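Take a look at the letters that make up each chain.
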Amino acid sequence: MQLFYNPTITETTETFSFDKEESKHIIKVLRKKDTDILFVTNGLGFLFKTEITLASDSKCTVQILSFEKMELPKYKLHLAVAPTKMNDRYEWFLEKATEIGIHEITPIICDRSERKVINAERFDKIILSAMKQCNQLHLPILNPAVTFKEFVKHKNEGLQLIAHCEETDKKTLKSVLKPNESYTILIGPEGDFSEKEIALALENNYTPVSLGNTRLRTETAAIVACHSVVFINEN
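Here, residues in each chain are numbered from 1, in the same order as that chain's written sequence. Residues qualify for local features only when their pLDDT is at least 70, as the model is predicted, and side-chain atom pairs are given and counted only at 80 or more; totals for whole chains, interfaces and linings, by contrast, use all residues. Heavy atoms from the whole structure form the basis of all side-chain values; hydrogens and water molecules are not counted.

### Points about the pattern of salt bridges
Argument step 1. Any carboxyl oxygen of Asp or Glu that lies within 4 Å of a side-chain nitrogen of Lys or Arg is treated as forming a salt bridge with it. Inspection of every chain in the model, using the stated rule, returns eleven salt bridges.
Argument step 2. Glu-121 serves as the salt-bridge partner of Lys-125, at 4.0 Å between the closest nitrogen and oxygen. In this pair, Lys-125 and Glu-121 both sit in helix 3 (residues 120–133), four residues apart, roughly one turn of the helix.
Argument step 3. Buried means the residue's accessible area, taken with a 1.4 Å probe over protein chains only, is under 20% of the maximum for its type, while exposed means over 50%, and partly exposed covers the values in between. Among the residues examined, Lys-125 registers a relative accessible area of 55% and is labelled exposed.
Argument step 4. Residue classification places Glu-121 among the exposed residues on the basis of a relative accessible area of 54%. The helix count covers DSSP runs of H or I at least four residues long, the strand count covers runs of E at least two residues long, and both are numbered beginning at the N terminus.

### Considerations on the pairing of strand 5 (residues 61–69)
Argument step 1. Strand pairing is assigned whenever DSSP detects at least two bridges linking the two strands. In the sheet, strand 2 (residues 15–17) pairs with strand 5 via three bridges, with the strands oriented antiparallel. In the sheet register, Phe-16 faces strand 5, and the bridge partner there is Val-62.
Argument step 2. Alignment of strand 4 (residues 46–54) against strand 5, held across eight bridges, turns out to be antiparallel. Paired with Leu-54 across the two strands is Thr-61, which belongs to strand 5.

### Observations concerning the packing of helix 2 (residues 87–100) against helix 3
Argument step 1. Where helix 2 contacts helix 3, the two axes come as close as 8 Å, and the packing angle between them is 35 degrees. Between helix 2 and helix 3 lies a crossing whose hand is right-handed. Mapping the contact onto sequence places Asn-87, Tyr-90, Glu-91, Leu-94, Glu-95, Thr-98 and Glu-99 in helix 2 and Arg-122, Phe-123, Ile-126, Ile-127, Ala-130 and Met-131 in helix 3.
Argument step 2. Classes in brief: Ala, Val, Leu, Ile, Met, Phe, Trp, Tyr, Cys and Pro nonpolar; Asp, Glu, Lys and Arg charged; the others, Gly included, polar. Of the residues belonging to the contact of helix 2 with helix 3, the class tally is seven nonpolar, two polar and four charged. For helices, the axis comes from a line fit to the C-alpha atoms of the stretch in contact; other axes are also lines fit to C-alpha atoms, and the angle between any two N-to-C directions lies between 0 and 180 degrees. For any helix crossing, the convention is left-handed if the near helix is rotated counterclockwise from the far helix by under a right angle, and right-handed if that rotation is clockwise. Two residues qualify as a contact provided that any one of their heavy atoms is within 4.5 Å of a heavy atom in the partner residue.

### Thoughts on the packing of aromatic side chains
Aromatic rings considered in pairs are described by the distance between their centres and by the relative angle of their planes.
Argument step 1. Pairing of aromatic rings covers Phe, Tyr and the six-membered ring of Trp, with a centre-to-centre limit of 6.5 Å; geometry is then stacked below 30 degrees between planes, edge-to-face above 60, and tilted otherwise. The final tally for this structure, using the stated rule, is eight aromatic pairs.
Argument step 2. Judged by centre distance (5.2 Å) and plane angle (70 degrees), the ring pair of Phe-16 and Phe-18 falls under edge-to-face. You'll find Phe-16 and Phe-18 in the same group, each marked buried.
Argument step 3. Here the aromatic cluster, defined as three or more aromatic residues joined through ring pairs, consists of Phe-4, Phe-16 and Phe-18.

### Description of the side chain of Glu-91
Argument step 1. Inspection of the secondary structure puts Glu-91 in helix 2.
Argument step 2. Side-chain polar atoms of Glu-91 contact the side chain of Arg-122, separated by 2.6 Å.
Argument step 3. Not counting the four nearest positions on each side in its chain, Glu-91 is found in contact with Arg-122, Phe-123 and Ile-126. Nitrogen and oxygen atoms within 3.5 Å of one another constitute a polar contact, given that in protein one can donate a hydrogen and the other can accept it, and given that sequence-neighbouring residues count only through two side-chain atoms.

### Quick notes on the sheet that holds strand 3 (residues 37–41)
Argument step 1. A sheet is described by the order of its strands in space; here five strands give the open sequence 1-3-4-5-2, paired in mixed fashion. Sheet topology places strand 1 (3–5) and strand 2 at the edges, where each strand pairs with a single neighbour. Looking at each pair of strands side by side, their axes are set apart by 45 degrees on average, direction ignored.
Argument step 2. In the sheet, strand 3 pairs with strand 4 via five bridges, with the strands oriented antiparallel. Of the residues in strand 4, the one forming a bridge with Leu-38 is Thr-50.
Argument step 3. Seen against the sheet, helix 3 touches strand 1 and strand 3 and runs at an angle of roughly 145 degrees to strand 1.

Here is the structure:
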């Protein structure tokens, strides 16, 4: 199934048109024509079966024939991950986390962060492309970048975890994960969290965890955490 995206459609929508860029792709590249069937999501769990009624490369219009809704899983995963020095590594993380299954992502700027500015528009496009590629119906939320201090002082839903490399008393991630729970997991920059940041997280009820015996890159650690949560929640 090839999946298309339109954030404006709802259960009550009867017809709609794709924007010029998407219309051109559908008609010129994919060579779709009148009466062809397209499957569309709004990123909120809905799958719409539609039929092309106007095959125009400037304004492709479809009629909704039917729809179904996939409920969100009972667990929720929010990863707060420091931007990596090389943008392509963070983009890889966004793509793979979307494919695996994640609900929310927040870039956090830490004491040792070498990159403090992100390209949110590009990140959004990568997440959207990954969602369509793997036929997911829920578009992960990408929050604006915030400082570590701002983030940890905000109470997040469910269990709050911080993965760091300091030789302190930590639990294994595997030992704290349970199905159908909400998790917020902090992943630091290449130089790890500072001691001050770790202390601040503990003061704000974060539990320190280990992701294994080896030292992982930021993006690898984020994917390990993401997969671990999804794996423990598989039926």
